Amino acid sequence: QVHLVESGGGLVQAGGSLRLSCAASGSIRATDKMGWYRQAPGKQRELVATIRFHGSSVGSIYYTDSVKGRFTIYRDNADNTLYLQMNSLKPEDTAVYYCGAGLPGAAEYDYWGQGTQVTVSS
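Reading the values: the criteria
- Residues numbered from 1 in each chain as written.
- Predicted model: local features only at pLDDT ≥ 70, side-chain atom pairs only at ≥ 80, totals over all residues.
- Heavy atoms only, no water.
- Helix = DSSP H or I, 4+ residues; strand = E, 2+ residues; numbered from the N terminus.
- Rg over C-alpha atoms; globule rule 2.2 N^0.38 Å.
- Buried < 20%, exposed > 50% of the residue type's maximum accessible area, 1.4 Å probe, protein only.
- Disulfide = S-S within 2.5 Å.
- Pairing = 2+ DSSP bridges.
- Axes fitted to C-alpha atoms, helices over the stretch in contact; angles between N-to-C directions.
- Phe/Tyr/Trp six-rings, centres within 6.5 Å; stacked < 30°, edge-to-face > 60°.

For this particular structure, what's the right way to read the overall build of the protein?
Summing up its helical and strand segments, the protein has 0 helices and 11 strands in all. Of the regular secondary structure in the protein, the N- to C-terminal order runs β-β-β-β-β-β-β-β-β-β-β. Relative to the compact-globule value of 14 Å for 122 residues, the protein shows a C-alpha radius of gyration of 14 Å, a close match. Dimensions along the principal axes, computed over C-alpha positions, put the protein at roughly 40 × 25 × 25 Å. When burial is assessed residue by residue, the protein has 45% of its 122 residues classed as buried.

Quick look at the structure:
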């Protein structure tokens, strides 16, 4: 079992920055992918960024087009925390952001956090 807890959301003006954190505990080493989804009111859930691992090394990183060049996903292996650094934020980035982790072979994530609200004002 894996337990994920997000933090770092809040209210920021357009052009500002936030860093989301996802603290992982439990059998996190059994997973091979972690990432961030977001869901805005009235919209479908969207994959923002995902990172795949080979052991403790990074295998690949994916960003959805709308955040490329502005967001950075990375993990601190020392404390099993996943981060999403968000710069140049736009009002359309407003959403609840969820951290997820998946087991090898899983098409989607098996474990989810409770979500953290990000609101970007214009």
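After that view, the rundown keeps rolling.
Any chance you could explain the state of the cysteines here in plain terms?
Two cysteines whose sulfur atoms are joined by a covalent bond form what is called a disulfide. Tallying each qualifying case throughout the model produces 1 disulfide. Through a disulfide, Cys22 is tied to Cys99; the S-S separation comes to 2.0 Å. On the sign convention where negative means left-handed, the S-S torsion of about -75 degrees between Cys22 and Cys99 marks this disulfide as left-handed. Placement of the pair is Cys22 in strand β3 (residues 18-26) and Cys99 in strand β9 (residues 95-102), with a sequence separation of 77 residues. Here the two residues Cys22 and Cys99 agree in accessibility, since each one is buried.

Help me understand the sheet that holds strand β8 (residues 81-86), please; the structure alone is not making it clear to me.
Adjacent strands of a sheet pair through backbone hydrogen bonds, lying either parallel or antiparallel. A sheet is described by the order of its strands in space; here 4 strands give the open sequence β1-β3-β8-β7, paired in antiparallel fashion. Taken across any chain shown, the strands that pair with only one partner, and hence form the sheet edges, are β1 (2-7) and β7 (71-76). Averaged over all neighbouring strand pairs, the angle between strand axes comes to 15 degrees, with direction disregarded. Sheet topology places β1 next to β3; 6 bridges connect them, and they run antiparallel. In the sheet register, Ser7 faces β3, and the bridge partner there is Ser21.

Before we go on, may I ask you to explain the packing of aromatic side chains in this structure?
Taken as a whole, this structure holds 4 aromatic pairs when the rule is applied. Centroid distance Tyr37 to Trp112: 5.2 Å. Interplanar angle 65 degrees. Geometry classified as edge-to-face. Pair noted here: Tyr37 is in strand β4 (residues 33-39) and Trp112 is in strand β10 (residues 111-112), with a separation of 75 residues, a long-range link. Exposure remark for Trp112: the relative accessible area of 31% places this residue in the partly exposed category. Measuring from ring centre to ring centre gives 5.1 Å for Tyr74 and Tyr83, while their planes differ by 20 degrees; the resulting arrangement is stacked. Given the relative accessible area of 31%, Tyr74 is considered partly exposed. Grouped by ring-pair contacts, the aromatic residues Tyr37, Tyr109 and Trp112 constitute a single cluster.

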